[in-house]
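Spelled out, the chains give:
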Amino acid sequence: MATEQELSDFLKSVEGRAFKRSVYHVRNEQAALDIVQDSMMKLAEHYGHKPVNELPMLFQRILSNCTLDWFRRQKTYNALFSTMGDFESSNEDGDFDLLETLHSESVPEQNESSETQLERAQTLRAIETEILELPTRQREAFLMRYWEDMDVAETAAAMGCSQGSVKTHCSRAVHALGAALKAKGIRL
């Protein structure tokens, strides 16, 4: 049984990664914050009594379900309503920028040249763009496996599919990313 402190520590440890993952899926910071908060509340309300070692898989599954629920609500809303915002050009100021986040979290080595830093920034921007272009299930599997560092079984449980499907989605995502980056002349 997880204590209140263990549950709190767990939620603090996954908050940042869950937000980034949600932003990748919904491409809207406010919606991503709502999804993560809703997921955390559901975990605490319904599964707070579970052992600590079960919390990561439960949370990933809840986060996936909340994201799918958001997409369903958006689809229904968009089918019923159109807002004036639909006719305006989008404002770039509100977009999530992975490069800014990565830059603030890690300080580049002092002896690294500006050219190397620029190349890294361009490579990260290209990778971010290509991840966003992946089909939803491939992107979800890829982010869980390589961003969240979950194993195949955990990812399968969180996505509600077989381990073979996870491997297929990841393989296709890696090949698609590799081909897209190679086409841009980027070799990792």
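Residues numbered from 1 in each chain as written. Predicted model: local features only at pLDDT ≥ 70, side-chain atom pairs only at ≥ 80, totals over all residues. Heavy atoms only, no water.

Caption draft 1: Local environment of the packing of aromatic side chains. Throughout the structure, instances matching the rule amount to four aromatic pairs. Taking the centre distance of 5.7 Å and the plane angle of 80° together, the rings of tyrosine 24 and tryptophan 147 count as edge-to-face. With tyrosine 24 in helix α1 (residues 4–26) and tryptophan 147 in helix α6 (residues 136–147), this pair connects stretches of sequence that are 123 residues apart. Residue tyrosine 24 is classed as buried on the basis of its relative accessible area, which comes to 2%. For tryptophan 147, a relative accessible area of 27% corresponds to the partly exposed category. Relative to phenylalanine 71, the ring of tryptophan 70 lies with its centre 5.1 Å away and its plane at 75°, an arrangement referred to as edge-to-face. In this structure, arginine 145 packs its charged tip against the face of tyrosine 146, placed 5.6 Å from the ring centre. (Phe/Tyr/Trp six-rings, centres within 6.5 Å; stacked < 30°, edge-to-face > 60°. Helix = DSSP H or I, 4+ residues; strand = E, 2+ residues; numbered from the N terminus. Buried < 20%, exposed > 50% of the residue type's maximum accessible area, 1.4 Å probe, protein only. Lys NZ or Arg CZ within 6 Å of the ring centre and 35° of its normal.)

Caption draft 2: Focus on the confidence of the model for the chain. The pLDDT averaged across the chain works out to 82; a share of 81% of its residues lies at or above 70. Confidence over residues 83–91 falls short of pLDDT 50; this stretch has one contact with residues more than four positions distant or in other chains. (pLDDT = per-residue confidence, 0-100. Contact = heavy atoms within 4.5 Å.)

Caption draft 3: Spotlight on the nonpolar core. With 21 residues, the main nonpolar core has Phe10, Leu43 and Phe59 as its most contacted residues. It is α1 that provides the largest number of residues to this core, a total of eight residues. Excluding anything up to four places from it in sequence, phenylalanine 10 contacts Leu43, Leu55, Pro56 and Phe59. Met150, Ala158, Met159 and Cys170 belong to the second largest nonpolar core, which has nine residues in total. (Core = buried A, V, L, I, M, F, W, Y, C linked by side-chain atoms within 4.5 Å.)

Caption draft 4: Spatial organisation of the packing of α6 against helix α8 (residues 163–183). Relative orientation of the contacting elements α6 and α8 amounts to 95°, with a least axis distance of 8 Å. Compared by their axis directions, α6 and α8 come out roughly perpendicular. Across the interface between the two elements, Arg137, Gln138, Ala141, Phe142, Arg145 and Tyr146 of α6 pack against Val166, His169, Cys170, Arg172, Ala173, Val174 and Leu177 of α8. Residue composition of the contact of α6 with α8, grouped by class: eight nonpolar, two polar and three charged. (Axes fitted to C-alpha atoms, helices over the stretch in contact; angles between N-to-C directions. Parallel < 35°, antiparallel > 145°, perpendicular 65-115°, else oblique. Nonpolar A, V, L, I, M, F, W, Y, C, P; charged D, E, K, R; others polar.)

Caption draft 5: The arrangement of the packing of helix α5 (residues 114–133) against α8 in detail. Taken N-terminus to C-terminus, the directions of α5 and α8 make an angle of 135°; their axes are 10 Å apart at the nearest point. In terms of orientation, α5 lies oblique with respect to α8. Considering the relative orientation of α5 and α8, their crossing is right-handed. Taking contact as the criterion, the partners of Ala126, Ile127, Glu130 and Ile131 in α5 are, on α8, Leu177, Ala180 and Leu181. Class assignment for the residues of the contact of α5 with α8 results in six nonpolar, no polar and one charged. (Left-handed = near helix turned anticlockwise from the far one by under 90°.)

Caption draft 6: Broad picture of the pattern of salt bridges. Evaluated as defined, the whole model comprises six salt bridges. Close ionic contact of arginine 17 with glutamate 148 constitutes a salt bridge, the shortest N to O distance being 3.5 Å. Residue arginine 17 is located in helix α1, and its partner glutamate 148 is located in the loop between α6 and α7 (152–159); the two are separated by 131 residues in the primary sequence. Take arginine 17: its relative accessible area is 33%, and that puts it in the partly exposed class. You can call glutamate 148 buried: its relative accessible area is 8%. Taken together, the shared-partner salt bridges in this structure form one network comprising Arg21, Arg137 and Glu140. (Salt bridge = Lys/Arg side-chain N within 4 Å of Asp/Glu carboxyl O.)

Caption draft 7: The side chain of serine 39, seen in detail. Structurally, serine 39 is set in helix α2 (residues 29–47). According to the relative accessible area criterion, serine 39 is buried, its value standing at 0%. Ignoring sequence-local partners within four residues, the contact set of serine 39 consists of Phe59, Ile62, Leu63 and Cys66.

Caption draft 8: Focus on α6. When α6 is considered as a whole, its buried residues turn out to be Gln138, Arg139, Glu140, Ala141, Phe142, Leu143 and Met144. Where α6 terminates, the next one or two residues include aspartate 149, which has phi positive at roughly 60°.

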